[in-house]
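# What the coordinates show
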Amino acid sequence: MKLLVRHQTVYSYDPSAGRVVMRLKLMPVDTPAQTVLDWKVSVNDDPVTGFHRNGNGEMEALWVRNDHLGQAVIVAEGLVETRETHGIVGGPISRVNPLYFLRDTPLTRASDAIAAMALALPDDNGPLARLHALAAAVTDAVTYRTGVTTSATTAAQAFTLGAGVCQDHAQIFIAGARVLGIPARYVSGYLLTSEGNELHETHGWAEALVPGLGWVGFDPSNRVCVTERYLRVASGLDADDAAPIRGTIMVAGDILIDADVRIAQADDGIEERQLQRQQQQNSPPPGLQG
């Protein structure tokens, strides 16, 4: 499957920002499950070229602006071919010891309730079956509901609340896996949920290290392992660590954020034409250029 993506994020500063530093994790890399055919990242129409591989084997760059800035329009777009690997994602070549992903963070620290849920799961059929059971248990315990959690909500808080979104499901799964001694990490990327062009947000899921298989992707929110409809971009200990955009800004006033993700399946032979048409259809209006 070939996926066309256009991901635009607009930061508006009132008054203008005096200094902006952004870490961008918006450049996907080749893995056994995907091949990047064409991809670019720009800020205010200027290409970002300073990407380098981090310890996870993924690409990231720093974008710095020292003068007054009223708006930053960040666009990541391109074409990626994905493959069905039955959840086994392999992942980029990493310099990080997998045991690093047993480390807790404030967002993924397991509460007593999460630990009890994980430890109660049957382990007769091996770690893969236990992880599938963990993913199902997370979704059963936490109803998918928007507007009840934020990016700062911890796994323990969402589990107590019994509701949340993909970030919460993934972080609870990660917390549970680490209780079981299984390295697990958060993944940010994109998901094609249906045919055609539709409005989407970035998506989050989890990967766990299974002996004999390697890293396997689990999406508790959709009760599946990852498929060819998933496009992997970045990973980390938690959602904050794997965020596509993080930064520091010197501004005394308000910051407004508007994000828009478009993803579609490309037909063989017309990828470039589709990509061009999609970019034209989803270009920001003149008022958002800056």
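That block above? That's the structure.
These lines cover the structure that appears in this document, whether it is placed above or below. Sequence order as written defines the numbering, with residues in each chain counted from 1. At least 70 in pLDDT is required for a residue's local features to be given in this predicted model, at least 80 for side-chain atom pairs to be given and counted, and no such filter applies to totals for whole chains, interfaces and linings, which use all residues. Water and hydrogen atoms play no part in the side-chain values, which are based on all heavy atoms of the structure.

### Looking at the overall build of the protein
For the purposes of this entry, the term helix denotes a DSSP run of H or I that reaches at least four residues, the term strand denotes a run of E that reaches at least two, and both are numbered from the N terminus. Along its length, the protein carries 5 helices and 17 strands. Counting the 290 residues in the protein, one finds 53% classified as buried. Contact criterion: two residues are considered in contact whenever any of their non-hydrogen atoms come within 4.5 Å of each other. The contacts in the protein between residues at least 6 apart in sequence include a share of 77% that link residues at least 24 apart. A 1.4 Å probe and the Shrake-Rupley method give the accessible areas. Residues count as covered only by the protein chains that appear here. Of the accessible surface of the protein, which amounts to about 13,100 Å², a share of 51% is contributed by carbon and sulfur atoms. Only protein chains enter the calculation, and the probe is 1.4 Å; a residue is then buried if its accessible area is under 20% of its type maximum, exposed if over 50%, and partly exposed in between.

### Here we look at the pattern of salt bridges
Note that side chains of opposite charge can pair when their charged atoms are close. By definition here, a salt bridge exists when the distance from a side-chain nitrogen of Lys or Arg to a carboxyl oxygen of Asp or Glu is within 4 Å. By the definition in use, this model includes 9 salt bridges. What you see here is one network of salt bridges that share partners, running through E58, R185, E207 and R232.

### Let's talk about the pairing of strand β12 (residues 203–210)
Taking burial as the measure, the 8 residues of β12 include 7 buried ones, the bulk of the element. DSSP calls a pair of strands paired once it identifies at least 2 bridges connecting them. Sheet analysis places strand β10 (residues 184–191) next to β12, joined by 6 bridges and oriented antiparallel. Looking across to β12, one finds that R185 is bridged to E207. Two successive antiparallel strands, β12 and strand β13 (residues 214–219), enclose a turn made up of 3 residues, where G212 displays a positive phi of approximately 85°.

### Some remarks on the nonpolar core
Membership of the largest hydrophobic core comes to 33 residues, with the highest contact counts inside it found for M22, L24, W39, V41 and Y190. At the level of secondary structure, the elements contributing two or more residues to this core comprise β1 (2–17), β2 (19–27), β3 (34–43), β6 (59–65), β7 (69–82), β15 (230–236) and β17 (254–266). Sequence-distant contacts of L24, defined by excluding residues within four places in its chain, comprise V41, V43, V48, F51, M59, E60, A61, W63, I74, P244 and I245. Formed by 31 residues, the second largest nonpolar core is a distinct cluster that contains A170, F173, V210 and F218. Among buried residues, those of type Ala, Val, Leu, Ile, Met, Phe, Trp, Tyr and Cys that are joined through side-chain atoms within 4.5 Å constitute a nonpolar core.

### Observations concerning helix α1 (residues 112–119)
Taken as a whole, α1 has its buried residues at I114, A115, M117 and A118. The buried residues of α1 occupy one face: seen down the axis, they fall within an arc of 160°. Structural note: α1 exposes D112 and L119 on the side pointing more than 90 degrees away from its buried face. Contacts from the buried residues of α1 go to α2 (127–141), α3 (155–161) and α4 (166–179). In this context, the arc is that of the directions from the helix axis out to the C-beta atoms.

### A few points about the side chain of T139
Assignment of secondary structure puts T139 in helix α2. With sequence-adjacent residues up to four places away left out, T139 is seen in contact with P220, S221 and R223.

### Concerning the packing of aromatic side chains
Aromatic ring pairs: the centre-centre distance and the angle between the two ring planes describe each pair. In this analysis, rings of Phe, Tyr and Trp, with Trp reduced to its six-membered ring, are considered paired at centre separations within 6.5 Å, and the interplanar angle assigns stacked below 30 degrees, edge-to-face beyond 60, and tilted for intermediate values. Applying the stated rule across the entire model yields 5 aromatic pairs. A centroid spacing of 5.2 Å and a plane angle of 80° characterise the contact between Y100 and F101, whose relative ring orientation is edge-to-face. Relative accessible area serves as the criterion here: at 33%, Y100 is assigned to the partly exposed category. Each residue in the set Y100, F101 and W215 is aromatic and connected to the rest through ring pairs, giving one cluster. Only lysine NZ and arginine CZ atoms are considered, and such an atom sits over a ring when it is within 6 Å of the ring centre and within 35 degrees of the ring normal. The side chain of R185 reaches across the aromatic face of F101, ending 5.6 Å from its centre.

### Considering the sheet that holds β6
Strand order in the open sheet made by the 4 strands is β5-β6-β2-β16, with antiparallel pairing throughout. Pairing within the sheet leaves two strands with one partner each, and these edge strands are β5 (52–53) and β16 (245–250). In this structure, β2 lies alongside β16, joined through 6 bridges in antiparallel fashion. Opposite R23, over in β16, you have R246 as the bridge partner.

### A look at the environment of L256
Along the chain, L256 falls in strand β17. Once the C-alpha coordinates of L256 and Y13 are considered, the two residues, 243 residues apart in sequence, prove to be 6.7 Å apart. Excluding its chain neighbours within four sequence positions, the residues that come into contact with L256 are V10, Y11 and S12.

### Things to note about the packing of α1 against α2
Taken N-terminus to C-terminus, the directions of α1 and α2 make an angle of 135°; their axes are 10 Å apart at the nearest point. Of the possible angle classes, the one that applies to α1 and α2 is oblique. Seen from above, α1 lies across α2 with right-handed handedness. From α1, M117, A118 and L119 reach across to α2, where they touch R130, L134, A137 and V138. Residues are grouped as follows: Ala, Val, Leu, Ile, Met, Phe, Trp, Tyr, Cys and Pro are nonpolar; Asp, Glu, Lys and Arg are charged; every other residue, Gly included, is polar. Here the residues of the contact of α1 with α2 are counted per class, giving 6 nonpolar, no polar and 1 charged. Orientation is described by axes fitted as lines to C-alpha atoms, over the contacting stretch for helices, and by angles from 0 to 180 degrees between their N-to-C directions. Angle categories are assigned with fixed cut-offs, so that under 35 degrees is roughly parallel, over 145 is roughly antiparallel, 65 to 115 is roughly perpendicular, and the rest are oblique. For a crossing to be left-handed, the near helix must be turned anticlockwise from the far one by less than a right angle; the clockwise case is right-handed.

### Notes on α2
Compared with an ideal rise of 1.5 Å per residue, which puts 15 residues at 21 Å, α2 spans 21 Å between its outermost C-alpha atoms and is within 8% of the ideal. Listed as buried for α2 are R130, L131, L134, A135, A137, V138 and T139. Buried residues in α2 make contact with α1, β8 (143–144), α4, β12 and β13. Multiplying 1.5 Å by the residue count of a helix minus one yields the expected span of that helix.

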